[in-house]
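Chain by chain, the residues:
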Amino acid sequence: MTISRRRRSTTVAALVTAAALTGTLTAARAAPGPAGPGGAQPPRNPVATGYGGAVASVSPYATQAGLDVLKHGGNAVDAAVATAAALGVVEPYSAGIGGGGFLVYYNARTHKVSTIDGRESGPAAMNTNWFIDPATGQPLSFNDAVNSGLSVGVPGSLKTWTTALQDWGTISLKQALQGGIDIASKGFVVDPTFNSFTAMNQARFSQIAPTAKLFLPGGAPPPVGSVFKNPDLANTYKLLAKYGPGLFYGGELGKEVANTAQHPPTIPNPTMDFRPGKITATDIAGYSAPVQAPTHVNYKGLDVYSIAPPSSGGTTVGEALNILSNFDVTPTNQVQALHLYDEASKIAFADRNRWVGDANFSDVPTRQLTSAQYGKDRACLISPTSTLASPVAPGNPFEPGGGTQCPSTAPTGTSYTDTEGMSTTHLVTSDKWGNVVSYTLTIEQTGGSAMTVPGRGFLLNNEMTDFDFSPLYPGVPDPNLPAAFKRPRSAMSPTIVLKDGRPFIAVGSPGGATIITTVLQILVNRLDLGMNLEQAIAAPRASQRNAGTTQAEPAFLNLPEIPGLEALGETFTLAPPSGTPTPEIGAATGLEFLPNGAVEAAAEPARRGGGAAAVVHPVR
Ligand code: GLU
């Protein structure tokens, strides 16, 4: 079957009634579904090489959904949306129409890179005191904020999908959702990651009636090996396929989302207090996912494109690369290379925490932070023989010399605790025409706000907790405080690298603020340290985010370079638990476009239970 080209979903918000929502619809099949009888799992290969287009995601089901679209004539954008929609089914704690994300797109016809900002936005009622407890005048605890309607922002994923399909895709929303509908209907096999992520959330999930009903069948996490179905989500996707995004943005589904956040659907006599939110259906109706310019830096002759604010991904990865441009980062001196990676990341994080927020609300120095000159100004802080005392003070990109005092020997910044979660998911796609997509999507914490929209099968995000609850530095303007319609600062860093104007690498990862270091480390591994993409993704990770010590995976702590790094004054701690058996940083996927015209798709061999890469015509 061939997918017909160019069809747009119509917006029929005004026509969609509550009555229509109660019916179960049968969507016409657009492409064969990826889930076999009883939800049999498609192949889970971490690496695939070949021709005709590629997909990599954390899930074999989602990768297969994207691959099916490619095989039936869809392009990279179509495949990305299909993969994302399937991730909403199989990775419901990390992705879905209750959340948001950022998409980077390379258009093979125009040779241009564009992005979509599908970040959740604050409701009209939001103000600086959003997370201040009126009873105490103090900020809420992070957990109290997460588990509340206050944490829910206007979801952006569905708008991202329809914007991408309309502007660059060739298939309808209905066709793009079909793979997800099939998986949600037939079910998928529960793997240890899904089981452990559910167990990790059991206490709070059990407090919300529709979440407990869906994700804790019989009162416990679905066992490994069982088949998990989500007929409510299948039906929601079918309704969206039939009525279009207006059902959500301006229609009944949007009202239900707002109602869920305003009246958290707890069990009778809950033991946790879920504060009500103030998001409205009007907030949801007014949402847009703008197409915006990417960030750009030139790293050793390569053009690196990523996401501009409200994500800090593009500016922070970009600044760190610009800093590293001033050094020889070579495989012949691994200790020095890792030292430079840690230090560049430390400095870039100092600037990120001070300067980056939603650029519609303050003067965010995106251009300066990504300029080669600013990277050079900041690079003077780094010594090859010692480690910068943390926290490093931010520079001032508005000043000549970047406001940097070199050398710097004592900590002069203010420490900052990351509150971003370790959730989220990343996918990459390409097609036979040469288009490429790198797309990171999330509902923030693993399990988001814990609130499932009753009868609709998807969780709502807690993205508003990515705002700072109170000013970070006393007396210093904080660009990431809550405000009406504002988008919280993200770390998501979906990236596309061009070489001589043609796609070379696409990469991204989940992991809250560690997303930035993971993407940076993979780029350094691949571009400087002689690894291929597969090795660059698999290599042990460390994450230095302007903290006193560098977080590291157990395998990183066993590297032979550790004594050398410690001799330079670096210190390491084990990364925090991530819900998987060993602490992990990130769960990346990537593509590399090889000189012979083939594409290599790569996912994690082990993290998060291993991801799935596939190509249309494999040669390996
Ligand atoms: N909310 C985070 C961000 O936008 C992502 C959450 C995560 O990766 O865990 O940066």
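Now for a description of the structure that goes with this document. (Residues numbered from 1 in each chain as written. Predicted model: local features only at pLDDT ≥ 70, side-chain atom pairs only at ≥ 80, totals over all residues. Heavy atoms only, no water.)

## Let's talk about the packing of aromatic side chains
As a reminder, the rule being used: Here is the rule: rings of Phe, Tyr and Trp (six-membered ring for Trp) pair when centre to centre is within 6.5 Å. Planes less than 30 degrees apart are stacked, more than 60 are edge-to-face, and the remainder are tilted. Helix and strand labels come from DSSP, where a helix needs a run of H or I of at least four residues and a strand needs a run of E of at least two; each type is numbered from the N terminus. Relative accessibility thresholds used throughout: buried, under 20% of the residue-type maximum; exposed, over 50%; partly exposed, between the two (1.4 Å probe, protein chains only).
In the structure shown here, the tally under the stated rule is 17 aromatic pairs. Aromatic pair Tyr-249 and Tyr-287: ring centres 5.8 Å apart, planes at 20°, arrangement stacked. Pair noted here: Tyr-249 is in the loop between α10 (231-243) and α11 (252-262) and Tyr-287 is in the loop between α12 (281-285) and β6 (291-292), with a separation of 38 residues, a long-range link. Considering the side-chain rings of Trp-355 and Phe-398, the 5.5 Å spacing of their centres and the 75° angle between planes classify their relative orientation as edge-to-face. One end of the pair, Trp-355, is in helix α14 (residues 334-355); the other, Phe-398, is in the loop between α16 (372-379) and β9 (425-431), with 43 residues separating them in the sequence. With relative accessibility at 10%, the residue Trp-355 sits in the buried group. Residue Phe-398 is classed as partly exposed on the basis of its relative accessible area of 39%. What links up through ring pairs into an aromatic cluster is the set Tyr-61, Tyr-93, Phe-188, Phe-194, Phe-205, Phe-215 and Phe-228.

## A closer look at the packing of α14 against helix α17 (residues 514-527)
Quick reminder of the rule: Every angle, taken between N-to-C directions, lies between 0 and 180 degrees, and every axis is a line fitted to C-alpha atoms, over only the stretch in contact when it is a helix. Crossing handedness follows the turn of the near helix against the far one: under a right angle anticlockwise gives a left-handed crossing, and clockwise gives a right-handed one. Contacts were defined at the residue level, with two residues in contact if any of their heavy atoms lie within 4.5 Å. For this classification, Asp, Glu, Lys and Arg are treated as charged, while Ala, Val, Leu, Ile, Met, Phe, Trp, Tyr, Cys and Pro are nonpolar and the rest, including Gly, are polar.
Where α14 meets α17, the closest approach of the two axes is 11 Å, and the angle between their N-to-C directions is 145°. The two elements α14 and α17 cross, and the hand of that crossing is right-handed. On α17, the residues that touch Tyr-341, Ser-345, Phe-349 and Arg-352 of α14 are Ile-516, Thr-517, Leu-520 and Gln-521. Within the contact of α14 with α17, the residues separate by chemical class into four nonpolar, three polar and one charged.

## What to know about the nonpolar core
Quick note on the threshold: Only buried Ala, Val, Leu, Ile, Met, Phe, Trp, Tyr and Cys residues count toward a nonpolar core, and they belong to the same one when joined by side-chain atoms within 4.5 Å.
Core analysis: the biggest nonpolar cluster contains 83 residues, and Trp-161, Leu-177, Tyr-237, Phe-248 and Phe-458 have the highest contact counts within it. Ignoring sequence-local partners within four residues, the contact set of Phe-248 consists of Ile-97, Pro-155, Leu-158, Leu-240, Leu-253, Gly-254, Val-257, Ile-284 and Phe-458. The next biggest cluster of nonpolar side chains, apart from the first, holds 64 residues, and it includes Ala-48, Ile-347, Met-492 and Ile-505.

## Some points on the packing of helix α3 (residues 76-90) against helix α5 (residues 157-168)
Helix-helix packing: each pair is described by the crossing angle between the helix axes and the interaxial distance. Keep this limit in mind: Oblique is the label for any angle not covered by the other classes, which are roughly parallel (under 35 degrees), roughly antiparallel (over 145) and roughly perpendicular (65 to 115).
α5 packs onto α3 with a crossing angle of 165° between their chain directions and a minimal axis gap of 9 Å. Considering the angle they form, α3 stands roughly antiparallel to α5. Here α3 runs over α5; the crossing is left-handed. Between α3 and α5, the residues in contact are Val-77, Asp-78, Val-81, Ala-84 and Ala-85 and Trp-161, Ala-164, Leu-165 and Trp-168, respectively. Across the contact of α3 with α5, the residue classes tally to eight nonpolar, no polar and one charged.

## Examining the side chain of Thr-193
What counts, and what does not: Counted as a polar contact is a pair of N or O atoms within 3.5 Å, where, for protein atoms, one must be capable of donating a hydrogen and the other of accepting one, and residues adjacent in sequence contribute only when both atoms are in side chains.
Counting through the fold element by element, Thr-193 comes out in helix α7 (residues 192-200). Among the polar contacts made by the side chain of Thr-193, one reaches the main-chain carbonyl oxygen of Arg-608 at a distance of 3.1 Å. What Thr-193 contacts, discounting residues up to four positions off in sequence, is Arg-608 and Gly-609.

## Some thoughts on the state of the cysteines
Counted only if it meets this: Only a pair of cysteine sulfur atoms within 2.5 Å qualifies as a disulfide here.
Going through the model one piece at a time under the given rule, you end up with one disulfide. One disulfide in the model links Cys-380 with Cys-406; its S-S distance is 1.8 Å. Looking down the S-S bond of the Cys-380 and Cys-406 bridge, the torsion is 75°, so its handedness is right-handed. Of the two residues, Cys-380 sits in the loop between α16 and β9 while Cys-406 sits in the loop between α16 and β9, which places them 26 residues apart along the sequence. Given a relative accessible area of 39%, Cys-380 falls into the partly exposed group. The exposure class assigned to Cys-406 is partly exposed, which follows from its relative accessible area of 32%.

So, to be careful, I would describe these as geometric facts and stop short of saying anything about function.
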